[in-house]
There are 2 protein chains.
Amino acid sequence: MPNPNYEKYLNDPDDLIEEMIDGFVKSHQKKIKQVSKRAVARKEAPIDGKVGVVSGGGSGHLPAFMGYIGEGCLDSVAVGDIFSSPSVDHIYEAIKAADGGKGVLCCIGNFTGDIMNFEMAAEMAEEDGIEVDTVIINDDVASAPKDKMENRRGVAGEVIIWKLAGAMAERGYSLSEMKEIADQALYNTRSMGVAHKPCIMPTNGEPSFELDEGEMEIGVGHHGEPGIRKAEMTTNDEITEELLNIVLEDLPYQEGDEVVVLINGLGATSPLEMYISYRKVYNMLEEEGIDIAKNYIGEFFTSQEMAGYSITLTKVDDELKKLFADPCDAVSFKQMQEDI
Amino acid sequence: MPNPNYEKYLNDPDDLIEEMIDGFVKSHQKKIKQVSKRAVARKEAPIDGKVGVVSGGGSGHLPAFMGYIGEGCLDSVAVGDIFSSPSVDHIYEAIKAADGGKGVLCCIGNFTGDIMNFEMAAEMAEEDGIEVDTVIINDDVASAPKDKMENRRGVAGEVIIWKLAGAMAERGYSLSEMKEIADQALYNTRSMGVAHKPCIMPTNGEPSFELDEGEMEIGVGHHGEPGIRKAEMTTNDEITEELLNIVLEDLPYQEGDEVVVLINGLGATSPLEMYISYRKVYNMLEEEGIDIAKNYIGEFFTSQEMAGYSITLTKVDDELKKLFADPCDAVSFKQMQEDI
């Protein structure tokens, strides 16, 4: 069986999702179980008396989505093909696996296919008597103007919402309380990304976007969607400043605010570069009089081997700070998180 | 200030090490302190009555080396330029910062510059009355034949030795006990890597190695050093099988053995690919009658954005299993580790 493209370490691309799930479940078998061909869940799910937290989406974003299953985070995940929505049946299986009698909160990115399929699956679950509500995550400032927020894509801010929803569920919040607080936290969460090298689609060997040599896309999406402008690559400081200023002005985040900062590597961008960016973020926020409550630096939501990163801010109050501080045993959220 | 190459997110390359350290310390300021221009240490170091555990090496490998500072792992680290040894002075500062009166164990990769500089720093520390011993990590099977093990390079197995040495130090082992057990664990630790795309050196924009399109290097080192052969890229299963068989035959690991498996991404290779490789490792070890005690899958010791990964096995006994299970609060070792 020849490798259909020489860009990465795969077998037959038709098998890659099943092989990935198989490897993931084998690796995390004390915490994770497979509940259908394309759905995985926390080993102990469903948990009686706890609201279930469910997500899912296209593959090619590991550690998203499966890596966020675990105590204090997601209960289950439906798995799609590379960059395409999971099917209704497997979302339905994921919802059923998460339902402990108090309802299920689906926290998904704002993508048409995902929304449509999660809606249909929710209807099927509701016919079974499972109460379902949904948070549509739209943190990507680049993807629509502020007065069209409903058109914005979900990017790394999804990770923030999963963590907060998971913490609320563990604390015994009701489905309606969770929905309300998650929506408020989401409103306070804004992201901007940059990329200068695409990932290669495993199915056909094509790049996810094309740029000239030395060019970058400011505001790129997680699938390589165009952002707000193409520009010549410049220094990390200048790029960080542009991304952060766009985020700051959008809410706006202001003097006296307290924020969680997430710097997310899209795949091929190293921690070396992300820490250099964090240094600039830190200095800029200090100048603005905005306090950093916690920072996450690492690869939390990738686009395979895309080169680039994003900056996400969440404005926090005492309630959100408490939820951020709660224990979280999801595989991929133990990584590189610091209170400061 | 123009970016001297368009390959990554940097400012003036002359400043990159200082900017990286600055960002790292700002991010992890509750756990990490800077003790010299190029040395960082655990906030509470030195810890009275505990052997200090020190490492260091060239930059460009994050999360190695700084990410392994923390409870149950390293006490301090000296930081070199990209891919080159830290200077004697900063290693000396790192050793002093780690010394709590019971001596210091330096655990470093088998590279000439590092060994020479750590030796000179150890002599300086010994003149101050600090007892120093050193473990020279040489887990890379590809870099020399078995009867010339002293010539083998250190690769991802370094992470394993840091974790074990850190656990022993927390348990109050003496320097001589730690040295003996670490050397034994090291003997039982073997790695093999593969890469097909180089990283770009930030200083001059040159790739770390050159291969033809569609070619891979079996046995590549962490700086892009040549391995045992170049070959056409093939399937992940075939590559994993080749890497794992070379590792298995080298100790050899045998039926009835229990092992820890570490799959380390070199930078641009995604968890998707690593989990597919783990699935094959799991199946092969099951067939061999070798039991997996624990697995680590992620980016633990990178080579900037090099595309490739390595497989490391450590044969464990009850003593090592106990040490692996001990708490470890180093920034980067909380990530993606599972008992199975």
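Values in this document were obtained by computation on a predicted structure and should not be read as measured data. (Residues numbered from 1 in each chain as written. Chains lettered and ligands numbered in written order. Predicted model: local features only at pLDDT ≥ 70, side-chain atom pairs only at ≥ 80, totals over all residues. Heavy atoms only, no water.)

### A few points about the domain arrangement of chain A
Residue and element names in this part refer to chain A.
Part 1: Partitioning chain A into domains gives domain 1 (13–187) and domain 2 (190–339).
Part 2: Just the C-alpha atoms count here: the centres of domain 1 and domain 2 sit 21 Å apart.
Part 3: The interface of domain 1 with domain 2 comprises 45 residues on the first partner and 46 residues on the second.
Part 4: Summed over both sides, the interface between domain 1 and domain 2 buries roughly 3900 Å², with carbon and sulfur atoms accounting for 63% of that surface.
Part 5: Sorting the residues of domain 1 by area buried against domain 2 places Phe83, Ile160 and Lys163 first, and these three jointly supply 16% of that buried surface.
Part 6: Put simply, domain 1 and domain 2 have three salt bridges between them. (Domains from an automatic or database assignment. Contact = heavy atoms within 4.5 Å. Buried area = accessible area lost by both parts, 1.4 Å probe. Salt bridge = Lys/Arg side-chain N within 4 Å of Asp/Glu carboxyl O.)

### Here we look at the sheet that holds strand S1 (residues 32–36) of chain B
Residue and element names in this part refer to chain B.
Part 1: The strand order S1-S2-S4-S3-S5-S6 describes an open sheet built from six strands, whose pairing is mixed. On the outer flanks of this sheet lie S1 and strand S6 (132–137), each paired with one strand and no other. On average, each strand axis in the sheet is inclined to that of its neighbour by 25 degrees, with strand direction left out of account.
Part 2: Examined bridge by bridge, strand S2 (residues 39–42) and strand S4 (residues 76–82) share three bridges and lie antiparallel to one another. Residue pairing for S4: valine 40 is matched across the bridge by valine 77. (Pairing = 2+ DSSP bridges. Helix = DSSP H or I, 4+ residues; strand = E, 2+ residues; numbered from the N terminus. Axes fitted to C-alpha atoms, helices over the stretch in contact; angles between N-to-C directions.)

### Regarding the pairing of strand S2 (residues 39–42) of chain A
All names here are of chain A.
Part 1: Summarising the sheet, strand S1 (residues 32–36) and S2 pair through four bridges and their orientation is antiparallel. Each bridged residue has a counterpart across the sheet, and for glutamine 34 the counterpart in S2 is valine 40.
Part 2: Taking the residues that link successive antiparallel strands as the turn, the S1-S2 hairpin has two residues.

### What about the packing of helix H6 (residues 236–250) of chain A against helix H7 (residues 271–288) of chain A?
All names here are of chain A.
Part 1: Where H6 contacts H7, the two axes come as close as 9 Å, and the packing angle between them is 50 degrees. Comparing the axis directions of H6 and H7 gives the class oblique. Crossing of H6 against H7: the hand is right-handed. Residues Asn236, Asp237, Thr240, Glu241, Leu244, Asn245 and Leu248 of H6 pack against Glu273, Ile276, Ser277, Arg279, Lys280, Val281, Met284, Leu285 and Glu288 of H7. (Parallel < 35°, antiparallel > 145°, perpendicular 65-115°, else oblique. Left-handed = near helix turned anticlockwise from the far one by under 90°.)

### Observations concerning the interface of chain B and chain A
Part 1: Taken together, the 67 residues of chain B in the interface contact 67 residues of chain A.
Part 2: Summed over both sides, the interface between chain B and chain A buries roughly 6000 Å², with carbon and sulfur atoms accounting for 59% of that surface.
Part 3: Counting every contact that joins chain B to chain A gives four salt bridges.
Part 4: A salt bridge links B:Lys197 to A:Glu7, with the nearest nitrogen and oxygen atoms 2.2 Å apart.
Part 5: Secondary structure elements with two or more residues in the side of chain B that touches chain A: helix H1 (16–27), strand S7 (189–197), helix H6 (236–250), helix H7 (271–288), strand S11 (291–298), strand S12 (307–315) and strand S13 (337–339) of chain B.
Part 6: If you tally residues by element for the side of chain B that touches chain A, the top one is H7(B), at nine residues.
Part 7: Its residues placed into classes, the side of chain B that touches chain A shows 28 nonpolar, 21 polar and 18 charged. (Nonpolar A, V, L, I, M, F, W, Y, C, P; charged D, E, K, R; others polar.)

### Quick look at the environment of A:Asp128
Residues and elements named next belong to chain A.
Part 1: You can see aspartate 128 is positioned in the loop between helix H3 (112–127) and strand S6 (132–137).
Part 2: Taking the C-alpha atoms as reference points, aspartate 128 and glycine 67, 61 residues apart in sequence, are found 28 Å from one another.
Part 3: Here aspartate 128 is in contact with Tyr92 and Lys96, once residues within four sequence places are set aside.
Part 4: Within polar-contact distance, the side chain of aspartate 128 engages the side chain of tyrosine 92 at 2.4 Å. (Polar contact = N/O pair within 3.5 Å; in protein donor to acceptor, adjacent residues only side chain to side chain.)

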